[in-house]
Structures are given as C-alpha cells and as structure tokens.
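Geometric and topological summary
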Amino acid sequence: MMKMNVFVQGNPDLKPETSLNFDVGVEAENNHGTSAKLTYFHNSFKYLINVLSATTRTPGMPMIINVVSKYQNIDKATIQGVEAEVKQKLGGFFNLRGTYTYTDAVDGNNARLEGRDRHKFSLQLSYDNPGDGWSASLWSDWHLDYWASDSTGTKKSNSTNVLNFVANKKLGESCSAYFGVDNIMDKKDANDYTVFGL
C-alpha cells in the first residue's frame, strides 16, 4: 500500500525562457507503403525553465510519498540529438511505426539535465478508418538511461518501458470522443512508484 502526494511550488524569481532552435532532416518513401525520416535537432536555451523535485518517504500502512516540485531557471542549456522514424502501411487501415530518439541534454557546465531520456524507442500499431470515424493506437515506449533523482536525492540512470492505448471516435464535423489508458502494465521505477508520472 502506498499513497503519493505531489506539491508544486511557485517561484516569483523565474526569468523568461528564450531559445534558438533549428532542425534538419531527410525523408524518403517507396511504392510499397514504406516511409522513413531522419532528423537532427539542436536547441540552445537561456534561462531554461526546469523542474527541481525532492521526494520524502514516510513508512507506515500505507507508506506516504511526498513529491515537492519547484520551477527554476537554468542559465544556459543545450538539448540536441537525432530522431529516426520508419513507417509501414499494413493494409486494412493499419500502420506500423517505429521511432528512435537520441537526446543529449546538458546545462552550461556540461552536466546532464534531469528528467530526460538519453535513448527512447517507440513501437506503435495504429488503426484509422475515415469511413466509420474510428481510430486507435497501441504503442510501447522504451525509456533508456532516464536521468533523475531518486528518493534520497541521488541522481541516477533508470530504464523501463511503458505500454499505452488510445481510441478515438469522430461524432461529427467538430466533435469527437476518446478513451485511453496510459501505462497499462503499471510499470514502476526503482523507488516503487509509477514511472514518469503516468
């Protein structure tokens, strides 16, 4: 048994975040329903707004975990990387899509930024039928070398995968309804609470 409380504190000293961003990519497709894309991205930040979190645990039944988050500025930061995507049409309104993203996120002292993956893989099976207005997606995200602080405040690398599902129904020209489940398998991180806030 466990109870989690999340508190978000304001910060009146925050400065406006500014950034200079660019990306470049190439795309290709063939006559067999296969397409691919490769993109390089680079983002330079001044006064990046980031979230600093501290976690405390109180033993008992249930155990109480308090997460206190506060927004802060990071004077300089760079987030850059490469994203690759391959998509295949399967027929019958189905598509299969795979992506991989490598991200290098550091501050002005070349220290890693928290709350970001170094590697992320995603595999998605999707259905889209414009005729009856139904669409749905089932996808799994693999988070590798996710950099964050544990319950003791120690920064460490964590890895896991999360399975998600969402279904949409178009009800008219300007109305639709959807149903979704995040983290279907209820994956936990090393501190036994649900991964990545899901």
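Description of the structure in this document. Bear in mind the structure is a predicted one, so any value in this text is a computation, not a measurement. (Residues numbered from 1 in each chain as written. Predicted model: local features only at pLDDT ≥ 70, side-chain atom pairs only at ≥ 80, totals over all residues. Heavy atoms only, no water.)

What to know about the pairing of strand S2 (residues 18–29)
Little of S2 sits out of view: just zero of its 12 residues are buried. Relative to strand S3 (residues 34–58), S2 runs antiparallel, the two being bridged by 12 bridges. Bridge pairing in S3 links Ser19 to Phe45. Linking S2 back to S3 in an antiparallel pair, the connection comprises four residues, with Gly33 at a positive phi of about 80°. (Buried < 20%, exposed > 50% of the residue type's maximum accessible area, 1.4 Å probe, protein only. Helix = DSSP H or I, 4+ residues; strand = E, 2+ residues; numbered from the N terminus. Pairing = 2+ DSSP bridges.)

Some thoughts on the environment of Gly25
Along the polypeptide, Gly25 turns up in strand S2. For Gly25, a relative accessible area of 46% gives the class partly exposed. For the pair formed by Gly25 and Lys120, sequence separation is 95 residues and the distance between their alpha carbons is 18 Å. When neighbours within four sequence positions are excluded, Gly25 is seen to be in contact with Leu38 and Thr39. (Contact = heavy atoms within 4.5 Å.)

So, the packing of aromatic side chains
In this structure the tally under the stated criterion is four aromatic pairs. Each ring, one from Phe22 and one from Tyr40, has its centre 6.1 Å from the other, and the planes form 55°; the classification is tilted. Taken together, the positions of Phe22 in strand S2 and Tyr40 in strand S3 put the pair 18 residues apart, joining distant regions of the chain. When its relative accessible area of 44% is taken as the criterion, Phe22 is described as partly exposed. Ring centres 5.1 Å apart and planes at 55° place the aromatic pair Phe94 and Tyr127 in the tilted group. Here Tyr127 lies in strand S6 (residues 116–129) and Phe94 lies in strand S5 (residues 94–107), a separation of 33 residues in the sequence. According to the relative accessible area criterion, Phe94 is partly exposed, its value standing at 35%. Using a relative accessible area of 22% as the deciding quantity, one classes Tyr127 as partly exposed. Taken together, the aromatic side chains of Phe93, Phe94 and Tyr127 make up a single cluster linked through ring pairs. (Phe/Tyr/Trp six-rings, centres within 6.5 Å; stacked < 30°, edge-to-face > 60°.)

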